[in-house]
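One-letter residues, chain by chain:
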Amino acid sequence: MKSHTYPSISYAEQLSDHVSKFSQDKILILLDIDDTIITPQSLTFRKPPFNQMLDEIKANSDQFPNYLEIVSNWRLQRKAMLIDEKWPQVINSLKTKHLVFGLTKVNTGRFGNIASMEQWRYQELSSLGVFFSEHTPQSKNINDNQPALYRGIMMTGAATKAETLSQFKWITQGIDRIIFIDDREKYLHELSEYCHLNKIKYEGFQFSGLKTLTGVQSQEIHQLQKKTLIQQAKWLSDEEAQRVLDQKVNSNA
């Protein structure tokens, strides 16, 4: 990957302010989801190295015979929150003039105990008031972890984000420029190369809003959460983990 520094934004309204500069353009706005729009409520996922727990499990999936159960149960049992409470308002405002789609690196179809990743992802976002532009056709009967489009959310499956956008190329027809927001530089660069090859004006912004959230997880809670998730395929919230730790202290008193 070529070295490139993308402008950083930390708040949803910064995107609105930027888009307003191009009032005459038809813009396709693509938004990453995890650690851009939403993040788990648990303090474990605020700062490194604890927030890399799931990435480490995924990277070593062959070490866990029940890997699918571990990750799917974590997704089902975790509670998510908006990184910026104004995301729903900003997205709804942008949709009045432009196309706004999610573009997320995540499995599709059935995954462990999740019958449909597309429905799970939509339900999680809609419960927080986040709704993207909806255009037909949508993907149906997703198999083999292929890219999917569900209610304005493009999901990569095993593909890259650029390959996923290419799969739904009709979305870019008549577009003057693409603006993409993601917390990871590698995905911003991936879309930059795609747009360059397809002669589409492109702007990428690295989202750093996670750094605005306060709170640091304790080593004890993190270790208990990780151990319980790996050994029992069960996610403990911060409050549940603290209760378990308190009970152990009281029983040893």
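Please refer to the structure placed before this passage.
Described in the following lines is the structure provided in the data block. Throughout this document, residue positions are counted from 1 along each chain, in the order its sequence is written. With pLDDT at 70 or above as the cut-off, local features in this predicted model cover only qualifying residues; side-chain atom pairs require 80 or more to be listed or tallied, and sums for whole chains, interfaces and linings still use all residues. Just so you know, side-chain values use all the structure's heavy atoms and leave hydrogens and water out.

### Some points on the nonpolar core
As used here, the term nonpolar core means buried Ala, Val, Leu, Ile, Met, Phe, Trp, Tyr and Cys residues forming a set that is joined through side-chain atoms within 4.5 Å. Each residue is placed in one exposure class: buried if its accessible area under a 1.4 Å probe, protein chains only, is under 20% of its type's maximum, exposed if it is over 50%, and partly exposed if it falls in between. Grouped together as the largest cluster of nonpolar side chains are 49 residues, with contacts concentrated most on Leu-15, Leu-31, Ile-37, Trp-87 and Phe-132. In contact with Trp-87, other than residues within four places in its own chain, are Ala-12, Leu-15, Leu-31, Thr-36, Ile-37, Leu-82 and Phe-207. The contact criterion used throughout is that any non-hydrogen atoms of two residues lie within 4.5 Å.

### Side note on the packing of aromatic side chains
Two aromatic rings, drawn from Phe, Tyr or Trp (for Trp, its six-membered ring), form a pair once their centres lie within 6.5 Å of each other, and the interplanar angle then sorts them: stacked below 30 degrees, edge-to-face above 60, tilted otherwise. Taken as a whole, this structure holds 6 aromatic pairs when the rule is applied. On the basis of an interplanar angle of 45° and a centroid distance of 5.8 Å, the ring pair of Trp-87 and Phe-207 is categorised as tilted. In this pair, Trp-87 is assigned in helix H4 (residues 87-95) and Phe-207 in strand E9 (residues 201-207), connecting sequence segments 120 residues apart. Here the two residues Trp-87 and Phe-207 agree in accessibility, since each one is buried. The structure contains a cluster of three or more aromatic residues connected by ring pairs, namely Phe-45, Trp-74 and Trp-235. The criterion for a charge sitting over a ring is simple: Lys NZ or Arg CZ within 6 Å of the ring centre, and within 35 degrees of the ring normal. Of note, Arg-75 hangs over the ring of Phe-111, and the distance from its end group to the ring centre comes to 4.9 Å. Across the ring face of Phe-22, the terminal group of Arg-177 is positioned such that the distance to the ring centre comes to 4.0 Å. Secondary structure counts use DSSP, requiring at least four H or I residues in a row for a helix and at least two E residues in a row for a strand, with both numbered from the N terminus.

### Observations regarding the layout of surface pockets
Of the pockets and cavities examined, the largest pocket occupies roughly 780 Å³. Cavity: a set of points on a 1 Å grid over the protein atoms alone where a 1.4 Å probe fits but cannot get out. Pocket: an open set with protein on both sides within 12 Å along at least five of seven lines, its lining residues, like those of a cavity, having an atom within 4 Å of a point. Lining of the largest pocket is provided by 34 residues; of these, Asp-34, Asp-55, Lys-58, Lys-105 and Arg-184 occupy positions nearest its centre. The set of elements that each furnish at least two residues to the lining of the largest pocket consists of strand E3 (38-40), helix H2 (53-59), helix H3 (67-77), helix H5 (117-126) and helix H7 (185-197). Tallying contributions element by element places H3 first for the lining of the largest pocket, with 4 residues. Considering only residue class, the lining of the largest pocket consists of 13 nonpolar, 7 polar and 14 charged. Grid points are joined across faces, edges and corners, and a volume is the space filled by probe spheres set on the points. In this structure, the second largest pocket encloses a volume near 260 Å³. Lining the second largest pocket, in full, are Ser-8, Asp-35, Arg-46, Lys-47, Pro-48, Asn-51, Asp-183, Gln-206, Phe-207, Ser-208, Leu-210 and Lys-211. A breakdown of the residues in the lining of the second largest pocket according to their chemical character gives 3 nonpolar, 4 polar and 5 charged. Classes in brief: Ala, Val, Leu, Ile, Met, Phe, Trp, Tyr, Cys and Pro nonpolar; Asp, Glu, Lys and Arg charged; the others, Gly included, polar.

### Things to note about the sheet that holds strand E2 (residues 27-31)
The 7 strands lie next to each other as E1-E9-E8-E2-E5-E7-E6, forming an open sheet whose pairing is mixed. Each having just a single partner strand, strand E1 (8-9) and strand E6 (148-150) make up the two edges of the open sheet. Axis lines are fitted through C-alpha atoms, for helices just across the contact stretch, and the angle between N-to-C directions can take any value from 0 to 180 degrees. Set on the sheet, H5 makes contact with strand E5 (99-104), E6 and strand E7 (153-155); between it and E7 the angle comes to about 140°. The criterion for strand pairing is that DSSP finds at least two bridges linking the strands in question.

### A look at the pattern of salt bridges
Whenever Lys or Arg places a side-chain nitrogen within 4 Å of a carboxyl oxygen from Asp or Glu, that contact is recorded as a salt bridge. The full count for this structure, using the stated rule, is 13 salt bridges. Among the salt bridges present, the one from Asp-32 reaches Lys-161, with a minimum N-O distance of 3.1 Å. Here Lys-161 lies in helix H6 (residues 161-167) and Asp-32 lies in the loop between E2 and E3, a separation of 129 residues in the sequence. With respect to burial, Asp-32 and Lys-161 carry one shared label: buried. The salt bridge involving Arg-121 is made with Asp-34; its shortest N-O contact spans 2.9 Å. Linking Arg-121 in helix H5 with Asp-34 in the loop between E2 and E3, this pair joins segments that are 87 residues apart in sequence. Arg-121 sits in the buried class, given a relative accessible area of 0%. Judged by its relative accessible area of 27%, Asp-34 falls in the partly exposed class. If you follow the salt bridges from partner to partner, you end up with Asp-34, Arg-78, Arg-121 and Glu-124 in one network.

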